[in-house]
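Observations on the three-dimensional arrangement
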Amino acid sequence: MRVKIYFLIWGLNKRTKNMNGNKTIAVRCKGLTKTYGTGSTRVHALNGIDLEVRTGEMMMLVGPSGSGKTTLISIIAGVLDRDGGECAVFGHDFMQMKPYEKTRYRGLHIGFVFQMFNLLPTLTAAENAAVPLLINGVKRREAIDRAREMLSRVGLGDRTYSLPEQLSGGQQQRVAIARAMLHNPNLIVCDEPTSALDYETGHKVLELLREMVVGVDRAFIVVTHDERIFKFADRIAKMDDGHITCVESMH
């Protein structure tokens, strides 16, 4: 009983510290490398990446196509293995986990907005958004109700029963964003989250993401070419040819 009380108090104190502005390191990459192919087709996607992302911040990765942005976030999110270097997410190293441990950790703590959306074609918008909760054992009715609420927050309250083929590209993208946010992950990684959204909708989505990251043990990493949303970033890391060339503070 004493042990449970101790950890409860420790957790509350830790949360209070972060809410009072003492940010911790959410993601730490050091000397990160990744290579694709062999021989003459060998491509060095990442060449010794050093990067830290703090809790309570939105970090944006920008740079030309092929600079390594998507590879970097895929390694951070645990969907791709690195070749060398170090990468820890809230102190956890995916390379030290067994496959089921990695899957479990991602399901509880990471949300990923894929550029291609990856919606299941036979499921409705609400069912697609509810997938992380269902995987984590939440009862179906509760999961669908929470999914509908989140879809309303991204402006899709009237499309919860629609199949992906009945949705526009921008609407599908918002379903993917709702799915990534629904289980309150500690880290949300987004690959071009506004690429299919108009100016007004893109800003509403980024405002929602900003609202979710402030004052809690959560961090966002956003890959984007959309200069219209740079103002939502706390810091911007510029990438080129597998390197981070500079990190700029926006506030």
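Everything here concerns the structure above.
All of the points below concern the structure found in this document. Note that the structure is predicted; figures quoted are calculated from it, not measured. (Residues numbered from 1 in each chain as written. Predicted model: local features only at pLDDT ≥ 70, side-chain atom pairs only at ≥ 80, totals over all residues. Heavy atoms only, no water.)

Here we come to the sheet that holds strand E2 (residues 43-54). As summarised here, the arrangement of the 3 strands in space is E2-E1-E4, forming an open sheet in which the pairing is antiparallel. If you trace the sheet from one side to the other, it starts and ends with E2 and strand E4 (84-89), each paired once. Looking at each pair of strands side by side, their axes are set apart by 15° on average, direction ignored. Here 5 bridges tie strand E1 (residues 25-36) to E4, and the two strands are oriented antiparallel to one another. Its bridge partner lying in E4, Thr-33 is registered against Gly-84. Here helix H2 (residues 69-76) sits on the sheet and contacts E1, E2 and E4; the angle it forms with E1, its principal contact strand, is near 120°. (Pairing = 2+ DSSP bridges. Helix = DSSP H or I, 4+ residues; strand = E, 2+ residues; numbered from the N terminus. Axes fitted to C-alpha atoms, helices over the stretch in contact; angles between N-to-C directions. Contact = heavy atoms within 4.5 Å.)

This next bit is on empty space enclosed by the protein. By the definition in use, this model includes 1 cavity of 30 Å³ or more. Volume-wise, the largest cavity comes out at about 50 Å³. In terms of lining residues, the largest cavity is bounded by Ile-75, Leu-80, Asp-81, Arg-82, Cys-87, Asp-93, Phe-94 and Met-95. A per-class count over the lining of the largest cavity returns 5 nonpolar, no polar and 3 charged. (1 Å grid on protein atoms, 1.4 Å probe; cavity = no way out; pocket = protein on both sides within 12 Å on 5 of 7 lines; lining within 4 Å. Points joined across faces, edges and corners; volume = space filled by probe spheres on them. Nonpolar A, V, L, I, M, F, W, Y, C, P; charged D, E, K, R; others polar.)

Turning our attention to the packing of helix H4 (residues 125-135) against helix H5 (residues 140-153). Close contact between H4 and H5 brings their axes to 8 Å; oriented N to C, the two are set at 120°. By the angle between their directions, the pair H4 and H5 is classed as oblique. The crossing of H4 and H5 is right-handed. Facing H4, whose interface residues are Ala-125, Ala-126, Glu-127, Ala-129, Ala-130, Leu-133 and Leu-134, H5 presents Arg-140, Ala-143, Ile-144, Arg-146, Ala-147, Arg-148 and Leu-151. By residue class, the composition of the contact of H4 with H5 is 10 nonpolar, no polar and 4 charged. (Parallel < 35°, antiparallel > 145°, perpendicular 65-115°, else oblique. Left-handed = near helix turned anticlockwise from the far one by under 90°.)

Across soluble globular proteins, you tend to see nonpolar side chains buried next to one another. Core analysis: the largest hydrophobic core is formed by 41 residues, its most contacted members being Met-58, Met-60, Leu-151, Met-181, Leu-206 and Leu-209. Apart from residues lying up to four places away in sequence, Leu-151 is in contact with Ala-125, Ala-126, Ala-129, Leu-156, Gly-157, Thr-160, Val-175 and Ala-178. If you look at the next biggest cluster of nonpolar residues, it comprises 29 residues, including Val-27, Leu-32, Val-223 and Ala-237. (Core = buried A, V, L, I, M, F, W, Y, C linked by side-chain atoms within 4.5 Å. Buried < 20%, exposed > 50% of the residue type's maximum accessible area, 1.4 Å probe, protein only.)

With that settled, the discussion passes to the sheet that holds strand E7 (residues 219-223). Hydrogen bonds along the backbone pair up the strands of a sheet, which may run parallel or antiparallel. If you trace the 6 strands from one edge of the open sheet to the other, you get E5-E6-E7-E3-E8-E9, paired in mixed fashion. With partners counted over all chains shown, the strands left at the sheet margins are strand E5 (110-113) and strand E9 (243-249), one partner each. If you compare each strand with its neighbour and ignore which way they point, the axes differ by 15° on average. The sheet strands contacting H2 are strand E3 (58-62), E5, strand E6 (187-191), E7 and strand E8 (235-240), and the helix crosses E6 at an angle near 155°. The sheet contacts of helix H6 (residues 169-181) involve E5 and E6, and relative to E5 the element is tilted by about 170°.

In short, shape yes, function no, at least from these values alone.
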